[in-house]
Amino acid sequence: MNQYTSHRIWILLAICTLGFILGAHAQTETITTDTVEVIWKKKGFLIISDQDGRRIEFLDPEEESTTYLPPKSKVDFLGFDLGFFNYADGPALGQPPSPDLEIKPFRFTSHVALHMIPVTVRLDRRGHINLKSAITFNWSNFNFKEDIRLIQNSEGLRYEKTGIDYRTNKLTATYLQIPLLLHFNTSPNDKKGLRMSVGGFAGVLIRSKTKQKSDEFGTVKVRDEFGLNRFRYGLTARIDFRWFDFYFNYNLSEVFAGGVPPFETFEAGINLIHF
């Protein structure tokens, strides 16, 4: 075998080897599946490249087999509660510590709460356990049935009988509160599953006033603390199932600083804007 023939054989072997390598690489590329996961604004999807081409498959947040995760925290604009306010620990539920302090029972809209900038923080991987809070403006209304007038600048609750037939005789206490709730969610999708929250709240009195309407004096409004306790705290619970949202607050602190036997109140109603 001459030198020229030997060179031709080596070149042929090199070409065959290169062809084999390129063919094997092309075959590997054909059967390899490349997957990229993307999470954007709580929506998850997969970009899949395989022998069938490139396609997109959306993730279902209800499927535990996927790697979908809710956002670690969520901030909303507001929440809104509407319900009633009443006595909790008198002689019976809804009964005052004194007959003169009787209020119109279970009057809807006697309690209003506005939750500003509600925040939800995810505590577990799937979003089933969360921590919730907000800045809450809470309005509690005593719609008195009797003809009493609250006395201003008193250390505790003081009042007197007037003998006037009031069409409206109301004390409104406005508190700035911070609730803190442990929130349980059976589904990371807010439109499905059962949601429950338990926790507490604390607040400070920022405003209080009485409003009285009568034929003798028309409408009279007076701003004063009227012996209200400046600080309040209590327990709160919420249960949400799709369109049905219910809340319950129990005020553990005494309503007034003195002047009457100590008593507590509660608030209950529906959540019109989800919190």
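So, how was this worked out
Residues numbered from 1 in each chain as written. Predicted model: local features only at pLDDT ≥ 70, side-chain atom pairs only at ≥ 80, totals over all residues. Heavy atoms only, no water. pLDDT = per-residue confidence, 0-100. Contact = heavy atoms within 4.5 Å. Helix = DSSP H or I, 4+ residues; strand = E, 2+ residues; numbered from the N terminus. Buried < 20%, exposed > 50% of the residue type's maximum accessible area, 1.4 Å probe, protein only. Core = buried A, V, L, I, M, F, W, Y, C linked by side-chain atoms within 4.5 Å. Phe/Tyr/Trp six-rings, centres within 6.5 Å; stacked < 30°, edge-to-face > 60°. Lys NZ or Arg CZ within 6 Å of the ring centre and 35° of its normal. Polar contact = N/O pair within 3.5 Å; in protein donor to acceptor, adjacent residues only side chain to side chain. Salt bridge = Lys/Arg side-chain N within 4 Å of Asp/Glu carboxyl O. Pairing = 2+ DSSP bridges.

## Re the confidence of the model for the chain
Per-residue pLDDT for the chain has a mean of 81; in total, 72% of the residues score no lower than 70. For residues 24–31, every residue scores under 50 in pLDDT, and the model assigns this stretch two contacts once sequence neighbours within four places are set aside.

## Brief notes about the environment of V220
Here V220 lies in strand β12 (residues 218–223). V220 sits in the partly exposed class, given a relative accessible area of 34%. Along the backbone, V220 and T210 are ten residues apart, and their C-alpha atoms lie at a distance of 8.0 Å.

## Notes on the nonpolar core
What tends to happen in soluble globular proteins is that the nonpolar side chains get buried as a cluster. Core analysis: the largest hydrophobic core is formed by 19 residues, its most contacted members being F142, F144, L171, L228 and F256. For this core, the secondary-structure elements that each account for two or more residues are β5 (78–87), β8 (148–150) and β10 (166–185). Tallying contributions element by element places β10 first for this core, with three residues. Excluding anything up to four places from it in sequence, L171 contacts S140, N141, F142, F144, L150, K209, T210, F226, L228 and F256.

## What to know about the packing of aromatic side chains
Taken as a whole and judged by the stated rule, the model has nine aromatic pairs. Here F142 and F256 contribute two aromatic rings whose centre-to-centre distance is 6.0 Å and whose plane-to-plane angle is 50 degrees, an arrangement assigned as tilted. Of this pair, F142 sits in strand β7 (residues 129–143) while F256 sits in the loop between β14 (244–251) and β15 (265–273); the two residues are 114 residues apart in sequence, bridging distant segments of the chain. On the accessibility criterion, F256 (5% relative accessible area) is buried. Taken together, the ring pairs connect F85, Y87, F142, F144, F256 and F263 into an aromatic cluster. Against the face of Y175 rests R232, its NZ or CZ located 4.6 Å from the ring centre.

## Describing the side chain of H111
Along the chain, the position of H111 falls in strand β6 (residues 111–122). In this structure H111 comes out as buried when scored by relative accessible area, which is 0%. Engagement of the side chain of H111 in a polar contact is seen with the side chain of Y247, the distance being 2.8 Å. At 3.4 Å, the side chain of H111 and the side chain of E267 are in polar contact. Other than its neighbours up to four places away in sequence, H111 contacts D81, L82, G83, F84, F85, N138, W139, S140, N141, Y247, N249 and E267.

## Digging into the pattern of salt bridges
Here the structure, examined in full by the defined rule, presents eleven salt bridges. One salt bridge in this structure joins R195 and D240, with 4.0 Å as the shortest N-O distance. A residue pair is termed long-range when its members are at least 10 positions apart, and R195 in strand β11 (residues 194–214) and D240 in strand β13 (residues 231–241) qualify at 45 residues. Each member of the pair R195 and D240 is classed as buried.

## A word on the pairing of β12
Side-chain direction in a regular strand flips from residue to residue, so the side chains alternate between the two faces of the sheet. Pairing analysis gives six bridges linking β11 to β12, with the strands arranged antiparallel. In the sheet register, S214 faces β12, and the bridge partner there is G218. Count of turn residues in the β11/β12 antiparallel hairpin: three residues.

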